[in-house]
Amino acid sequence: MRIKISLFTLFILMGFNLLAQDSKYIEVTGSAEMFVEADEFVFVIGISEYWIEEFEKKKEFKDYKNKVAIGEIESQLLKDLKAIGIKKDQIKSTEVGNYWRHQGKEFLVSKKLEISLTDFSVINKIVSTVDRKGIKNMYIGELKNKELPNFRKDVKKQALLAAKEKAEYLVETLGNELGSIISIEEINNDNAYYRPAAARSNVMMSAGESAEADTEKNIKLRYEIRTRFEIK
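Residues numbered from 1 in each chain as written. Predicted model: local features only at pLDDT ≥ 70, side-chain atom pairs only at ≥ 80, totals over all residues. Heavy atoms only, no water.

K.L.:
I'd love a proper account of the pattern of salt bridges, names of residues and values included.
P.N.:
Summed over the entire model, instances satisfying the criterion amount to 13 salt bridges. Note that Glu186 is salt-bridged to Lys156, the shortest N-O span being 3.5 Å. Placement of the pair is Glu186 in strand β10 (residues 178–193) and Lys156 in helix α3 (residues 148–173), with a sequence separation of 30 residues. Note on Glu186: relative accessible area 42%, which makes it partly exposed. Taking the relative accessible area as the measure of exposure, Lys156 reaches 22% and is therefore partly exposed. Look at the salt bridges and you will find they share partners, linking Glu33, Lys220, Arg222 and Glu224 into a network. (Salt bridge = Lys/Arg side-chain N within 4 Å of Asp/Glu carboxyl O. Helix = DSSP H or I, 4+ residues; strand = E, 2+ residues; numbered from the N terminus. Buried < 20%, exposed > 50% of the residue type's maximum accessible area, 1.4 Å probe, protein only.)

Dropping the structure here:
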């Protein structure tokens, strides 16, 4: 398993304030980001009933009469998926239905199938194999990684250390010394993005390959920690 990590630090000096008559503090926010390569993902295929006449030349909408049922479309799709090695227990049906119909025409039923995969190259096989007449859409859904809980902890630790480092730097710049921690507050807890956003920090540390490579395979974790330190 390859893990791609890049840490961003964004610190906001909130200012010096009086805690008591002779006590001062500094409040800063540290943030950290980690890009984790997914070891499992969900590929979603949306299917929908359609009219046979849609694919016949010189046919107008008013001539559409012969509908292909959702059961027939799903049955063919499952056969196509089986042919490329996708097992039945990897496939799960989710949404069924639709929210509108054309006036004067029968209701067209749609359905979503979620396929659990570990190899991104299988997507190309799916796209080139399945009968696309009844396909409404196809896209990558949820990205997963078995070690995600541990990575979340690591990002939070890095955010806290980043806050301390910035507080020390700012305080020492003014000729003071950083004291003990007063408070720690998590901000934007449990943020996880399936696509990395553009970097908004002026500091970036990376380990291994570029964090922006293969972005479709990356899970982005980002956490912020607000801290308050005493100034000696």
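Having put the structure on the table, let's press on.
K.L.:
Summarise the environment of Tyr139; cite the residues concerned and give the values.
P.N.:
For Tyr139, the location among the structural elements is in strand β9 (residues 135–144). Taking relative accessible area as the criterion, Tyr139 reaches 34% and is therefore assigned partly exposed. Along the chain, Tyr139 and Phe43 lie 96 residues apart, while their C-alpha atoms are 5.9 Å from each other. Look past the residues within four positions of Tyr139 in its chain and what remains in contact with it is Val42, Phe43, Val44 and Lys112. Engagement of the side chain of Tyr139 in a polar contact is seen with the side chain of Lys112, the distance being 3.2 Å. (Contact = heavy atoms within 4.5 Å. Polar contact = N/O pair within 3.5 Å; in protein donor to acceptor, adjacent residues only side chain to side chain.)

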